[in-house]
Amino acid sequence: MKIELRKDNVVKNVDSEDRAKALMAKGFVRTDGKGAGKVKAANSGKELAEVQAKLADTQAKLEEASKYAEEADKKIDSLTLELEGTKEQLEAAVKANTTGKASAKK
């Protein structure tokens, strides 16, 4: 009786159930249909914990990025208002300077 086990891209074929169990303990998964469910379930719990940890980390990073974007929007609004005020002052100064020079030339 041949038992096929797989880990990543490594495939092992063994004749003994004991040898198969030893390889399963090292992370190999049976692909001949026997015992695969038990190994997958054990790995699924571990994978679930890893995915949940990554999800929590990603959510924290998303919150941080969101706060940063909100602060950047506030700064942009503030700078836009300041720029509009500066433009108005510049236009008034240019107008006053232009009318002052025109009056002086006459």
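Analysis parameters
Residues numbered from 1 in each chain as written. Predicted model: local features only at pLDDT ≥ 70, side-chain atom pairs only at ≥ 80, totals over all residues. Heavy atoms only, no water. Buried < 20%, exposed > 50% of the residue type's maximum accessible area, 1.4 Å probe, protein only. Helix = DSSP H or I, 4+ residues; strand = E, 2+ residues; numbered from the N terminus. Arc of directions from axis to C-beta. Core = buried A, V, L, I, M, F, W, Y, C linked by side-chain atoms within 4.5 Å. Salt bridge = Lys/Arg side-chain N within 4 Å of Asp/Glu carboxyl O. Pairing = 2+ DSSP bridges. Contact = heavy atoms within 4.5 Å. Axes fitted to C-alpha atoms, helices over the stretch in contact; angles between N-to-C directions.

Draft legend 1. Spatial organisation of helix α1 (residues 17–25). Within α1, burial applies to Ala 20, Leu 23 and Met 24. When α1 is viewed along its axis, its buried side chains cluster within an angular range of 105° and face the same direction. Opposite the buried face of α1, at more than 90 degrees from it, the exposed residues are Asp 18, Lys 21 and Ala 25.

Draft legend 2. Representation of the nonpolar core. Ranked by size, the top nonpolar core spans seven residues in total: Ile 3, Leu 5, Val 14, Ala 20, Leu 23, Met 24 and Phe 28. Elements with a minimum of two residues in this core: β1 (3–7) and α1. With three residues, the top contributor of residues to this core is α1.

Draft legend 3. Summary view of the pattern of salt bridges. On inspection of all chains with the given rule, the structure shows three salt bridges. With its nearest N and O atoms 3.7 Å apart, the salt bridge here joins Lys 2 to Asp 15. A residue pair is termed long-range when its members are at least 10 positions apart, and Lys 2 in the segment before β1 and Asp 15 in the loop between β2 (10–14) and α1 qualify at 13 residues. Like Lys 2, the residue Asp 15 is exposed in the burial classification.

Draft legend 4. Highlighting the sheet that holds β1. On the basis of which strands lie adjacent, the open sheet formed by three strands has the order β2-β1-β3 and antiparallel pairing. The sheet is open, and its two borders are formed by β2 and β3 (29–30), each paired with just one other strand. Pairing geometry for β1 and β3, over two bridges, is antiparallel. If you follow Leu 5 over to β3, its bridge partner there is Arg 30. Its contacts with the sheet place α1 against β1, β2 and β3, and it is angled at close to 10° to β1.

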